[in-house]
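As a plain string of letters, each chain reads:
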Amino acid sequence: MPSIPLPEPAPNCGNGIREAARPTRMDGPCQSGQRAAGSGQRAAGSGQRAAGSGSGGRRAVLFAVRSAVALHRLLDVLPVFSGDDRIERRFSLIPGSDFGTDALAALDSVGARCVPWDEAVRTPYDLTLAASPKGELDRLRGPLVLLPHGAGFGKTLPDEGTADSASGLDPAYLLRRGTPLAALHALAHRSQVAELAVRCPAAAARATVVGDPTLDRLLASQGLRDRYRTALGTGGRRLIALTSTWGPESLLASYPDLPARLSTELPADSYQLALIMHPNDYGRSGAHDLAERHAPALAAGLLTPRPYEEWAAVLVAADGVLTDHGSTALYAAALDRPLLAVCDGGDELIPGSPMARLLAAAPKVSGAAADTGRAAEDIVRAIEGHLPGSVRALAEPAFAERGRALPLLRTELYARLRLTPPATPAEPRLLPVPRVPAHAPAVHAVSAAVDGDRVRVERRPPHHDGPAGHLAAEEDAASVRHAQSAAVLFRRAGDAPAAAARAVAGWTVDGWITWALDRYPGRRTAAVVLSASHCVLRRRGGPLLSARIGACTEAGRVFRPDPAAVVSAVHCWLIATRVPSLPATLDCRIGDRSYPVRLAPATDDEADHAF
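Residues numbered from 1 in each chain as written. Predicted model: local features only at pLDDT ≥ 70, side-chain atom pairs only at ≥ 80, totals over all residues. Heavy atoms only, no water.

With that settled, the discussion passes to the pairing of strand β22 (residues 584–590). Covered by surrounding structure in β22 are A584, L586, C588 and I590 only, the residues T585, D587 and R589 on the alternate face being uncovered. Judged from the four bridges that link them, strand β14 (residues 454–460) and β22 form a sheet pairing that is parallel. In the sheet register, V455 faces β22, and the bridge partner there is C588. Count of turn residues in the β22/strand β23 (residues 593–601) antiparallel hairpin: two residues, of which G591 carries a positive phi of about 70°. (Buried < 20%, exposed > 50% of the residue type's maximum accessible area, 1.4 Å probe, protein only. Helix = DSSP H or I, 4+ residues; strand = E, 2+ residues; numbered from the N terminus. Pairing = 2+ DSSP bridges.)

Turning to the confidence of the model for the chain, a few remarks are in order. Scored by pLDDT, the chain comes out at a mean of 88, with 87% of its residues at no less than 70. Below a pLDDT of 50 lies the segment residues 7–49, which in the model reaches 102 contacts outside its immediate sequence neighbourhood of four places, other chains included. (pLDDT = per-residue confidence, 0-100. Contact = heavy atoms within 4.5 Å.)

Before going further, it helps to examine helix α7 (residues 225–232). Given 3.6 residues per turn, any residue in an α-helix points the same way as the ones three and four places further on. Of all the positions in α7, only Y228, R229 and L232 are classed as buried. Down the axis of α7, the buried set is contained in an arc of 95°. They therefore lie on one face. Seen from the open side of α7, the exposed residues pointing more than 90 degrees away from its buried face are R227 and T230. Elements in contact with the buried residues of α7: β9 (238–244), β10 (271–277) and α13 (310–317). One or two residues past the end of α7 sits G233, with phi positive at roughly 75°. (Arc of directions from axis to C-beta.)

To continue, consider the pattern of salt bridges. By the definition in use, this model includes 33 salt bridges. Ionic pairing is found between R293 and D289, a salt bridge with its closest N-O pair at 2.4 Å. A residue pair is termed a helical-turn pair when its members lie 3 or 4 positions apart in one helix, as R293 and D289 do in helix α11 (residues 287–293) at four residues. Note on R293: relative accessible area 44%, which makes it partly exposed. Accessibility expressed as a relative area gives 35% for D289, which makes it partly exposed. Residue R456 is joined to E458 by a salt bridge in which the shortest nitrogen-to-oxygen separation is 3.8 Å. For E458, a relative accessible area of 24% corresponds to the partly exposed category. Among the charged side chains, a salt-bridge network with shared partners connects D269, R459, E474, R492 and D562. (Salt bridge = Lys/Arg side-chain N within 4 Å of Asp/Glu carboxyl O.)

Here the focus is the sheet that holds strand β1 (residues 59–65). Read across the sheet, six strands follow the order β2-β1-β3-β4-β7-β8 without closing on themselves; strand pairing throughout is parallel. Only two strands of the sheet have a single neighbouring strand rather than two, namely β2 (87–93) and β8 (207–209). On average, each strand axis in the sheet is tilted by 25° relative to the strand beside it, whichever way the strands run. Sheet topology places strand β7 (residues 184–187) next to β8; three bridges connect them, and they run parallel. By the bridge assignment for β8, H185 is matched with A207. Lying on the sheet, helix α1 (residues 68–75) is in contact with β1, β2 and β3 (127–130); it crosses β1 at an angle near 145°. (Axes fitted to C-alpha atoms, helices over the stretch in contact; angles between N-to-C directions.)

Moving on, we get to the pairing of strand β15 (residues 470–474). Counted residue by residue, β15 has five buried out of five residues, so it is predominantly covered. The alternating pattern of β15 places H470, A472 and E474 and L471 and A473 on opposite faces, both of which are buried. Of the pairings in the sheet, the one linking strand β13 (residues 443–451) to β15 comprises four bridges and is antiparallel in character. Bridged to V446 within β15 is H470. By the bridge criterion, three bridges tie β15 to strand β16 (residues 488–492) in an arrangement that is parallel. Bridge pairing in β16 links E474 to F490. Crossover β15 to β16 through helix α19 (residues 480–485) is right-handed. (Right-handed = clockwise from strand over helix to strand, strands pointing away.)

So, in structure tokens, the structure goes:
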């Protein structure tokens with residue numbers, strides 16, 4: 001069964017909280033009293049000076065992390081200090097969160113240094129950055145800069161803080177003993193400053209608009225969209241992202257089987273599905289439980305991007321988004337992706353917020369609880385009826401200063417550090433190409449319609465309840481039960497090793513096809529997929545045939561289908577035609593496009609081709 005990848009478990013970092021596993025290059029043990037890497041000075045405690053401490057122009061900056069979500073936001077801010085060897089960067093976990101244990105796992109990739117909390121509160125830092133106002137931040141020594149926990153301040157948790165306020169705007173968190181907690185609130189839009197002035201005037205006096213660094217990463221990475229889609233195996237399909245926030249009103253809490261039902265209902269050659277889950281889902285359930293929970297959808301090809309960076313790359317690659325009231329919806333809107341609302345957020349949605357206005361304007365998915373067929377129709381309607389720029393306009397109340405967040409934030413932070421900013425520009429780091437495995441289903445239920453030389457094929461998972469003409473199975477990737485039940489069997493010819501250091505046994509095309517039809521006497525057609533444009537097949541009792549698959553070109557873009565779908569189309573055409581006149585050119589409609597397929601008797605070279 002396909003798995004849902006997670007970062008490796010992290011070693012202990014004191015206070016029962018694990019530190020992210022670090023490279024073996026420079027960082028020492030994460031223990032109080034140990035020498036702090038980079039400063040050449042002893043860690044604070046017993047009157048010793050802190051790392052940095054302003055000497056020689058050096059500054060110590062602490063990233064205070066309460067959860068994986070907060071950590072991800074802070075990592076997006078790191079380019080503010082890029083290239084500056086005067087800055088010593090430290091990370092520490094704020095105790096008290098149910099999700100703190102796994103919060104530092106993503107730091108493996110940057111090799112950051114973890115400081116135990118009891119050391120962090122004893123150490124004076126020149127600046128502390130946090131993306132959540134919760135926890136004992138008032139114990140830290142030095143000025144604090146607060147960044148938003150998400151986008152739009154549209155969600156409240158009824159059991160925490162003030163009932164009608166997001167934590168980032170809530171005086172219950174922003175004031176400690178009547179005094180503002182932060183020296184600076186770095187917000188994304190002037191409307192947030194205005195809202196803060198109503199709820200907490202003392203904090204609003206310390207607020208400024210810098211934009212959203214996470215949004216700027218998405219916007220800067222749009223040029224990599226084709227690379228992302230290639231890595232995901234999307235091809236010419238429409239990539240639909242389902243986004244689920246955390247809590248009882250989330251998409252997954254409301255409709256936990258929606259990914260599986262959509263994976264079954266939507267034709268596999270027209271749509272690809274991705275499920276973007278909240279980091280807390282990973283922390284609470286674990287990768288194994290999530291994989292078991294979504295096993296049917298994963299087997300049908302569902303993508304589950306990791307909760308740091310990969311989710312954003314998938315959003316850039318997506319053609320449409322199904323969402324709840326989580327802030328991912330605002331990022332999707334800022335990218336101008338067609339948006340459909342699955343949930344209304346219930347009591348968690350803050351009325352009048354940018355998120356509330358976005359969901360009110362977005363089309364709704366009909367019958368998400370029961371009628372998945374209607375939901376599929378809604379998706380098609382939203383994508384085909386999308387007017388460029390219309391969704392982006394809905395996100396404007398949440399984001400200002402697009403493309404300028406890091407330079408503006410650098411100006412604010414370096415002023416507080418009393419340092420001249422580096423001469424090199426602060427630019428968003430492009431999102432890496434996703435590594436989420438794109439699972440190709442080995443078995444499909446195939447329905448087809450033949451009209452002369454035109455064949456239309458739709459493929460769905462084998463457990464699909466609707467009518468299907470036949471089952472097609474990849475013989476060396478499917479179970480024996482499916483191989484024995486399939487009318488069409490095929491193999492994909494892999495590339496031979498360039499320099500094999502071991503013995504290799506293979507087949508000729510004709511040899512394997514003959515073997516497959518003998519081994520599975522009830523099967524009708526066997527085929528070998530030689531490349532993206534070439535298959536060789538035989539229908540039982542018939543000649544060996546070669547199928548050459550042409551591409552579909554639209555506005556200069558070239559699309560190719562899955563050759564296995566072409567095998568099913570030819571199989572259905574041979575049955576319907578009975579006595580075909582060869583050579584013939586078929587018009588195969590697979591997914592949303594038509595492809596010419598030239599069918600002719602196979603040559604001796606094709607029959608003897610080894611794979």
